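The lines below spell out each chain.
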Amino acid sequence: MDLFPRIPGGPIPMLILDGHQSRLDPGFINYINGQGHEWRVCLGVPYATVLWQVGDASEQNGKFKTEWYRVKEDVMKWKLK
């Protein structure tokens, strides 16, 4: 898919997950920290997802969507260089 080209100075993908034990599989942890395919991953407290879910409250939806499209536009501009 090559959505995030892996070149020096390129964007680093980010993922937000609940902190459930299944997300902490050693294979997954090794992959997201591996050379050549680094990720930024935020693990939330698994029993409090209602407190940290992105865009889950009407107050957050507008800001989330605005930022989402701004970042998406930045990535597209970067890819067209």
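Residues numbered from 1 in each chain as written. Predicted model: local features only at pLDDT ≥ 70, side-chain atom pairs only at ≥ 80, totals over all residues. Heavy atoms only, no water.

## Topic: the pattern of salt bridges
Taken as a whole and judged by the stated rule, the model has three salt bridges. A salt bridge links lysine 77 to glutamate 73; the nearest nitrogen and oxygen atoms lie 3.3 Å apart. Taken together, the residues lysine 77 and glutamate 73, both in helix α3 (residues 58-79) and four residues apart, mark about one turn of the helix. Relative accessible area serves as the criterion here: at 44%, glutamate 73 is assigned to the partly exposed category. Connected through shared salt-bridge partners, Glu67, Arg70 and Asp74 make up one network. (Salt bridge = Lys/Arg side-chain N within 4 Å of Asp/Glu carboxyl O. Helix = DSSP H or I, 4+ residues; strand = E, 2+ residues; numbered from the N terminus. Buried < 20%, exposed > 50% of the residue type's maximum accessible area, 1.4 Å probe, protein only.)

## Re the pairing of strand β2 (residues 40-44)
Looking at chain direction, strand β1 (residues 14-18) and β2 are connected through five bridges and run parallel. Residue pairing in the sheet places leucine 17 in a bridge with leucine 43 of β2. Chirality of the crossover, the property in question, places the unit of β1, helix α1 (residues 26-32) and β2 among those that are right-handed. (Pairing = 2+ DSSP bridges. Right-handed = clockwise from strand over helix to strand, strands pointing away.)

## Section: the environment of isoleucine 7
Mapped onto the elements, isoleucine 7 comes out in the segment before β1. On the accessibility criterion, isoleucine 7 (47% relative accessible area) is partly exposed. C-alpha of isoleucine 7 to C-alpha of glycine 36: the two residues are 29 residues apart in sequence and 8.5 Å apart in space.

## As for the confidence of the model for the protein
Low-pLDDT portions of the prediction should not be read for the details of their coordinates. Of all residues in the protein, 75% have pLDDT values of 70 or greater, and the mean over the chain is 77. Mean pLDDT across the elements of the protein ranges from a minimum in helix α2 (residues 49-52), with 64, to a maximum in α1, with 85. (pLDDT = per-residue confidence, 0-100.)

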